[in-house]
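Fold and geometry: a report
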Amino acid sequence: MRISLNWLRELVEIKLSPEELAETLTMAGFEVEDIEDRRTWANGVVVGKVLERQPHPNADKLSVCQVDIGAGETLNIVCGAANVKADIYVPVATTGTYLPNIDLKIKPAKLRGVPSQGMICSLKELGLPTDVDGIHIFTQENLPLGSDVRPLLGLDDVILDLTATANRADALSMVGVAREVAALTGGKLSIPEPGEVSISKNTGNLTLKIADTQACPAYIGTVIEQVKIAPSPEWLQQRLRAAGVRPISNVVDITNYVLLEWGQPLHAFDRDRLKSVASSENLSIGVRFANNGESLKTLDGQTRTLSTQNLLITANDKPVALAGVMGGEETEVHEGTQSLVLEAALFDSVAIRRSSRSVGLRSEASGRYERGVNRAELEIANRRALSLISELASGILVQQEIADTRPDPSTWSRSIALRLDRVNQILGPIDLGEDTGELQGQDVERILTALGCQLTPSREDSNHQPTWSVSVPPYRYRDLEREIDLIEEIARLYGYNRFCDTLPEKSEGGYLPLDEELIRKLRAFLRAEGLTELIHYSLVKPGEDRQIVLSNPLFAEYSALRNDLLSGLIDAFQYNLEQGNGSLNGFEIGQIFWREEDGLQETEALAGIIGGDRTVGKWSKSGREEPITWFEAKGTLESIFRQLALQVEFQPDCRDHRLHPGRTASLWIRGNRLGIFGQLHPQLRREKGLPDSVYVFQLDLDVLLDSLGEDEVLVPTFQPYSTYPASDRDIAFFAPVKISVSEIEKVITKAGKDLLESVELFDEYRGENVPEGQRSLAFRLIYRASDRTLTEAEVEPVHNKVREALVEKFGVNLRS
């Protein structure tokens with residue numbers, strides 16, 4: 001908001017320079033983005049009177065003027081403006097004057113052979129907007145010649161471009177900023193209190209019909225007759241221009257002026273035009289939400305199609321304005337307006353924000369309603385506008401109707417308990433020069449009283465520190481809600497820079513939490529296996545079982561939370577294949593969500609997809625892709641588990657319909673289900689156009705991290721290697737196909753006990769000479785002792801135990 005210091009000085013005593021005031025406001029949370037010192041724009045420009053005007057002898061469009069600036073002798077000035085003439089008062093830039101807005105220094109010159117001793121100025125040359133094409137002519141009579149023009153043009157002013165935070169709706173008004181300056185500097189407030197306005201008849205044909213009192217808790221409609229539309233007085237125009245608002249006419253300018261002064265948006269309707277729209281002499285002003293398909297042409301000339309989110313002002317149920325946003329063109333005030341209906345209303349901030357967004361239209365009014373207009377000063381702002389209309393537009397008030405459903409005024413302020421002990425606990429010590437101290441009770445009382453709060457002492461707390469009950473003023477009702485808000489205000493006004501800077505006494509090196517360290521190590525192992533890390537959105541299409549669906553999604557395609565990572569990986573594989581990037585080997589670590597009877601659940605998972613040829617260079621295979629096998633893909637996982645020192649067991653599984661029922665395994669660690677690994681189902685593969693050999697896995701990261709966090713894994717026990725040779729034995733047998741190799745390895749390992757170092761399957765055969773439903777398996781068993789070379793007599797009994805255990809447990813048919 002642009003703040004005129006001249007205007008502000010009428011509302012509050014200011015002893016600081018513009019730069020000091022800007023620094024004070026910025027440190028208090030109101031950032032001053034720019035200081036516009038208008039005093040430099042016309043420094044050296046004085047009032048002059050054109051005594052005589054003659055045409056230039058050598059140029060048709062130039063004039064030679066004799067100008068008196070009260071300096072003893074008249075100046076000869078060549079002027080190119082068409083509106084220059086004798087006996088007018090004009091701004092004159094004398095020799096040596098610098099005009100920064102046009103970057104021009106006035107020097108003695110000759111124009112087409114005629115000397116010129118200055119320049120008669122237009123408003124544009126002085127940095128002011130104007131519709132006049134030519135020099136500026138003062139309308140005042142008998143101006144003192146040679147006097148400074150800046151007070152006459154409002155250029156004896158400094159403008160602060162101030163930005164308020166979103167919670168400070170009160171700071172979007174001159175009165176609000178004045179209150180803040182008074183609290184910060186101790187200056188005396190002089191806020192105008194408009195007196196009561198008299199209604200001459202208070203009878204008429206205006207009625208109010210507020211359909212939604214929640215969206216519009218208060219509405220004041222005032223009928224004003226015998227209005228004379230004319231330009232506003234110069235002081236009013238100057239204040240509007242300083243605020244960046246273009247003057248239009250006295251009535252419209254007054255509504256804008258009150259908006260800037262009190263932060264209360266107002267709107268003036270032409271009453272005769274309202275009657276024309278309503279097709280009736282009896283006017284019923286209403287507030288309701290629009291119906292789909294209704295339209296309204298707003299003051300900016302655009303016809304807007306409305307929806308049920310738009311709050312409307314209606315005349316006999318016909319739209320005439322977008323409530324709280326912009327008026328309608330059909331009922332705007334114009335040069336021929338003779339009677340008005342002045343609207344002063346409160347609208348719900350959420351309703352105005354939605355309405356403004358739905359039509360893509362923001363205005364000064366909507367910006368204030370969105371933040372929250374002060375409901376306690378609605379009548380004050382309305383009286384201020386009515387008194388100005390009576391004074392400047394000769395309006396006569398004939399009727400006023402009020403629809404008010406606001407809560408009782410006693411509830412417009414709230415009481416908050418405040419403890420001095422808590423204030424000092426939050427804010428810490430203050431800097432007292434050579435010493436430090438704490439905020440005292442009188443500091444708190446002084447600051448909050450300056451903000452307009454009323455403090456009532458309460459009994460001391462358990463630490464014998466004073467406490468207060470703080471009554472918040474109505475204009476700060478929205479942002480002062482809790483004790484911490486009051487503490488923030490105390491710090492802000494006392495000065496953040498007056499509190500001590502404290503650092504930790506001893507700095508210590510940081511460290512990663514164990515889980516994060518393990519996840520980083522896991523990522524490194526996955527990358528080392530040739531997998532690329534992928535990241536997907538947590539939002540997916542709805543339609544899965546136990547899925548959590550959002551109640552306010554941005555898009556229908558992203559309206560549910562994912563309940564696994566596999567779907568995203570499969571889609572990424574398909575996308576990369578379609579884009580010509582080849583088969584994808586990747587992994588992802590992320591959150592998954594699902595719904596259960598006892599509520600919503602969330603956990604972190606690790607998933608991967610493997611389907612690309614892992615070899616580098618295809619020259620040895622004539623450029624052909626070599627599909628990865630199930631065992632190679634499984635080996636990728638086992639390699640990672642081996643590096644993590646985890647013993648993971650694979651068991652057949654067929655519960656996931658997306659995976660091949662005969663090539664899927666569940667993964668287990670010490671009886672805890674870790675996850676799943678398998679090949680994609682042929683039907684899914686055909687639907688998505690994927691190659692045969694695509695494998696996926698998904699692991700529960702919590703189970704994995706719990707296993708990695710155990711002491712024996714984190715701190716592995718050193719085991720010395722044997723310096724003695726090993727003794728190896730092969731064993732081959734026919735075994736039923738339904739018996740897995742892992743079950744067989746378990747039995748062999750248990751029977752071999754301490755002497756058995758390793759077991760490895762090196763051959764599998766099915767076909768001729770193998771019984772139906774069986775397969776031939778061959779294992780190599782390595783026996784070794786750490787303290788001696790094993791003899792045949794020691795190895796053979798153990799090996800026989802292994803053979804017997806296999807026969808007893810599985811009924812195998814030994815071949816060797």
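Computed from a prediction, not measured in an experiment: that's the story for all the values here.

This part is about the packing of aromatic side chains. Where two aromatic rings form a pair, the distance of their centres and the angle of their planes describe that pair. For the structure shown, the criterion picks out nine aromatic pairs. When the ring of Phe 733 is compared with that of Phe 779, the centres are 5.8 Å apart and the planes differ by 15°; the resulting orientation is stacked. With Phe 733 in strand E39 (residues 727-736) and Phe 779 in strand E41 (residues 774-783), this residue pair connects regions lying 46 residues apart in the sequence. No difference in accessibility class separates Phe 733 from Phe 779, as the two residues are buried. An aromatic cluster of at least three residues, connected via ring pairs, comprises Trp 630, Phe 631, Phe 677 and Tyr 695. Note that Arg 780 overlies the ring of Phe 762, its terminal NZ or CZ placed 4.7 Å from the centroid.

This part takes up the packing of helix H12 (residues 441-450) against helix H13 (residues 483-494). Think of two packed helices as two axes; the pair is described by the angle between the axes and how far apart they sit. Relative orientation of the contacting elements H12 and H13 amounts to 90°, with a least axis distance of 10 Å. Comparing the axis directions of H12 and H13 gives the class roughly perpendicular. On H13, the residues touching Asp 443, Val 444, Arg 446, Ile 447 and Leu 448 of H12 are Leu 486, Glu 489, Ile 490, Leu 493 and Tyr 494. Tallied by class, the residues present in the contact of H12 with H13 amount to seven nonpolar, no polar and three charged.

On to a nonpolar patch on the surface, then. A surface patch of nonpolar side chains, amounting to about 610 Å² of accessible area, comprises Tyr 537, Leu 539, Leu 554, Phe 555 and Tyr 558. On the secondary structure map, Leu 554 appears in the loop between strand E31 (548-549) and strand E32 (560-561). You can call Leu 554 exposed: its relative accessible area is 78%.

Another aspect to go through is the environment of Ser 471. Looking at where Ser 471 falls in the secondary structure, it is placed in strand E28 (residues 467-471). With near-sequence residues (within four places) excluded, Ser 471 lies in contact with Ser 413, Arg 414, Ser 415, Cys 453 and Gln 454. Polar contacts involving the side chain of Ser 471 include one to the side chain of Ser 413, which spans 3.0 Å.

The next thing to look at is the confidence of the model for the protein chain. Residue-level pLDDT values for the protein chain average 90, and 98% of them are 70 or greater. Across the protein chain, element-level confidence peaks in strand E38 (residues 695-700) with a mean pLDDT of 96 and bottoms out in helix H19 (residues 711-714) with 80.

Reading across from one edge, E5-E4-E3-E6-E11 is the order of the five strands in this open sheet, with antiparallel pairing throughout. Pairing within the sheet leaves two strands with one partner each, and these edge strands are strand E5 (75-79) and strand E11 (118-120). With strand direction ignored, the average angle separating the axes of adjacent strands in the sheet is 45°. In terms of strand pairing, strand E3 (residues 45-55) meets strand E6 (residues 88-94) through six bridges, oriented antiparallel. For Lys 49, the partnering residue across the bridge sits in E6 and is Tyr 89.

For the rest of this paragraph, the subject is the nonpolar core. Within the largest apolar cluster, 91 residues are counted, with the highest numbers of intra-cluster contacts made by Leu 8, Leu 160, Tyr 219, Ile 313 and Phe 347. Looking at which element gives the most residues to this core, the answer is helix H10 (residues 378-392), with seven residues. If near-sequence neighbours (up to four positions away) are discounted, Leu 160 is found in contact with Met 1, Arg 2, Ile 3, Leu 5, Pro 18, Leu 21, Ala 22, Leu 25, Val 32, Asp 34 and Ile 35. Residues Leu 531, Leu 637, Ala 665 and Tyr 695 belong to the second largest nonpolar core, which totals 34 residues.

Moving on to the pairing of E28. Bridge count between strand E24 (residues 415-419) and E28: five bridges; the pairing is antiparallel. Note that in E28 the partner of Leu 418 across the bridge is Trp 468. Taken together, the five bridges between strand E27 (residues 454-458) and E28 define a ladder with antiparallel strand orientation. Considered in E28, the bridge of Ser 458 is made with Thr 467.

So, about helix H7 (residues 271-278). Along H7, the residues that are buried comprise Arg 271, Leu 274, Lys 275, Val 277 and Ala 278. Relative to the axis of H7, the buried residues are bounded by an arc of 160° and lie together on one face. Residues of H7 that are buried in the fold lie against strand E14 (218-225), strand E15 (266-270), strand E16 (283-289), strand E19 (311-315), strand E20 (318-322) and strand E22 (340-346). The N-capping residue of H7, defined by a side-chain oxygen 2.9 Å from the backbone nitrogen of Asp 272, is Asp 270. Following H7 by one or two positions, Ser 279 adopts a phi angle in the positive range, close to 55°.

As enumerated under the stated definition, the model contains 50 salt bridges in all. Salt-bridge contacts for Arg 406 lead to Glu 379; the nearest nitrogen and oxygen are separated by 2.4 Å. You can see Arg 406 sitting in the loop between strand E23 (396-404) and E24 and its partner Glu 379 sitting in helix H10, a full 27 residues away along the chain. Classification of Arg 406 by relative accessible area gives buried; the value is 12%. When the shortest N-O distance is used, the salt bridge between Glu 794 and Arg 788 registers 2.8 Å. Note on Glu 794: relative accessible area 25%, which makes it partly exposed. For Arg 788, a relative accessible area of 32% gives the class partly exposed. The structure contains a network of salt bridges with shared partners spanning Arg 168, Asp 170, Glu 180, Arg 476, Asp 479, Glu 489 and Arg 492.

Bringing the sheet that holds E19 into the picture now. Read across the sheet, five strands follow the order E13-E16-E19-E20-E21 without closing on themselves; strand pairing throughout is mixed. Only two strands of the sheet have a single partner each, and these edge strands are strand E13 (206-210) and strand E21 (326-327). Where E13 lies against E16, five bridges are found, and the strand directions are parallel. Note that in E16 the partner of Thr 207 across the bridge is Ser 284. Against the sheet, H7 contacts E16, E19 and E20, and its axis sits at roughly 70° relative to E16.

The residue Glu 36 is located in strand E2 (residues 31-37) in this model. Engagement of the side chain of Glu 36 in a polar contact is seen with the side chain of Arg 2, the distance being 3.0 Å. A polar side-chain atom of Glu 36 sits 3.0 Å from a polar atom in the side chain of Arg 38. If we skip the residues at most four places from it in the chain, Glu 36 touches Arg 2, Trp 41, Asp 157, Val 158 and Ile 159.

Rules used in this analysis
- Residues numbered from 1 in each chain as written.
- Predicted model: local features only at pLDDT ≥ 70, side-chain atom pairs only at ≥ 80, totals over all residues.
- Heavy atoms only, no water.
- Phe/Tyr/Trp six-rings, centres within 6.5 Å; stacked < 30°, edge-to-face > 60°.
- Helix = DSSP H or I, 4+ residues; strand = E, 2+ residues; numbered from the N terminus.
- Buried < 20%, exposed > 50% of the residue type's maximum accessible area, 1.4 Å probe, protein only.
- Lys NZ or Arg CZ within 6 Å of the ring centre and 35° of its normal.
- Axes fitted to C-alpha atoms, helices over the stretch in contact; angles between N-to-C directions.
- Parallel < 35°, antiparallel > 145°, perpendicular 65-115°, else oblique.
- Contact = heavy atoms within 4.5 Å.
- Nonpolar A, V, L, I, M, F, W, Y, C, P; charged D, E, K, R; others polar.
- Patch = residues over 30% accessible without salt bridge, like charges linked within 9 Å, V, L, I, M, F, W, Y side chains within 5 Å.
- Areas by Shrake-Rupley, 256 points an atom, 1.4 Å probe, with all protein chains shown as cover.
- Salt bridge = Lys/Arg side-chain N within 4 Å of Asp/Glu carboxyl O.
- Polar contact = N/O pair within 3.5 Å; in protein donor to acceptor, adjacent residues only side chain to side chain.
- pLDDT = per-residue confidence, 0-100.
- Pairing = 2+ DSSP bridges.
- Core = buried A, V, L, I, M, F, W, Y, C linked by side-chain atoms within 4.5 Å.
- Arc of directions from axis to C-beta.

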